[in-house]
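Here is what each chain is made of, one letter per residue.
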Amino acid sequence: MDRKNVAYTLGPVGTDSYNALVWWMNIREYDATVEVVDEFEMAFQLAMKNDIILMPAGYQNRRKGSEYISWVDFHFRYYERLSVEDYFLRKTMKMILVENVNYKINSIILHSSTYQLYRMNEKRLKSKELFWASSKINALDAFLKNEYRYAIVSYDELLKRIGNYDISIKILKMFDPEMLWIIYKIKE
């Protein structure tokens, strides 16, 4: 029995990467099992011949205790194993810089890819201590559960989850960027 190809991207379900992958698979009528990973490092370790990996060109990982890594690092590190199958432009979900008015942790939680959005707005923030999450959805969950003061998260995901928490927030800024998405195919 032949193994069905796998399409990997950053999870959990609902991330921009997941949504972009499902969108691409639908328009290309590409049949594969979708697997989400916590970090792209895992996708490159798990992927086998003919599997694909969808990755945003803006990907960065600055997690505490690990090396800084970005899309270009993966591109060059694995170039002998990969071919660029496709690429496309697609907007991310709208993002917001949000403040918890009644915070417990006077810090900001964000995904590494949103770091420049933070930098563009850091002068207006009263805290400069950063904590990293592996996705914007995980940053949102940490913001809500741990009551961080600030976060950069997906607006629609915040609307879905906020009703489960007793929290008062202020939206400080909204972002609506376009992203370049790359589909890699594993050659070996």
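Refer to the preceding data block for the structure.
Residues numbered from 1 in each chain as written. Predicted model: local features only at pLDDT ≥ 70, side-chain atom pairs only at ≥ 80, totals over all residues. Heavy atoms only, no water.

S.K.: Help me understand the overall build of the protein chain, please; the structure alone is not making it clear to me.
M.R.: Helix and strand counts for the protein chain come out as six helices and twelve strands. The C-alpha atoms of the protein chain give 17 Å as radius of gyration, which agrees with the globular expectation for 188 residues (16 Å, within 12%). Over its C-alpha atoms, taken along the principal directions, the protein chain stretches across nearly 55 × 30 × 25 Å. The buried share among the 188 residues of the protein chain stands at 47%. Within the protein chain, counting contacts between residues at least 6 apart in sequence, those at least 24 apart form 72% of the total. Split by element, the accessible area of the protein chain, about 10,000 Å² in all, is 48% carbon and sulfur. Side-chain charges in the protein chain split into 27 positive and 25 negative, and the spacing between the mean points of these groups amounts to 7 Å. (Helix = DSSP H or I, 4+ residues; strand = E, 2+ residues; numbered from the N terminus. Rg over C-alpha atoms; globule rule 2.2 N^0.38 Å. Buried < 20%, exposed > 50% of the residue type's maximum accessible area, 1.4 Å probe, protein only. Contact = heavy atoms within 4.5 Å. Areas by Shrake-Rupley, 256 points an atom, 1.4 Å probe, with all protein chains shown as cover. Lys, Arg positive; Asp, Glu negative; His and termini not counted. Charge placed at Lys NZ, Arg CZ, Asp CG, Glu CD.)

S.K.: What should I look at first to understand the side chain of Asp51 in this one?
M.R.: Note that Asp51 resides in the loop between helix 2 (40-46) and strand 3 (52-56). Side-chain polar atoms of Asp51 contact the backbone nitrogen of Met48, separated by 2.8 Å. (Polar contact = N/O pair within 3.5 Å; in protein donor to acceptor, adjacent residues only side chain to side chain.)

S.K.: Just to check I follow, could you spell out the sheet that holds strand 1 (residues 6-10) for this structure?
M.R.: What holds strands together in a sheet is hydrogen bonding between their backbones, with the strands either parallel or antiparallel. Pairing is mixed in the open sheet, where five strands are placed in the order 2-1-3-12-6. Looking along the sheet, the strands with just one partner apiece sit at the ends: strand 2 (33-37) and strand 6 (82-91). Adjacent strand axes in the sheet meet at a mean angle of 25° when their direction is disregarded. Here strand 6 pairs with strand 12 (residues 178-186) via nine bridges, running antiparallel. (Pairing = 2+ DSSP bridges. Axes fitted to C-alpha atoms, helices over the stretch in contact; angles between N-to-C directions.)

S.K.: Is there a simple way to think about the pattern of salt bridges in this case?
M.R.: Should their charged atoms come close, side chains of opposite charge can pair. Counted by the stated rule, this structure contains eleven salt bridges. With a closest N to O distance of 3.1 Å, Asp31 and Lys4 form a salt bridge. Of this pair, Asp31 sits in the loop between helix 1 (16-28) and strand 2 while Lys4 sits in the segment before strand 1; the two residues are 27 residues apart in sequence, bridging distant segments of the chain. For Asp31, a relative accessible area of 57% translates into the label exposed. By relative accessible area, which is 43% here, Lys4 ends up partly exposed. A salt bridge links Glu157 to Lys160; the shortest N-O distance between them is 3.0 Å. A residue pair is termed a helical-turn pair when its members lie 3 or 4 positions apart in one helix, as Glu157 and Lys160 do in helix 6 (residues 155-161) at three residues. A relative accessible area of 6% means that Glu157 is categorised as buried. (Salt bridge = Lys/Arg side-chain N within 4 Å of Asp/Glu carboxyl O.)

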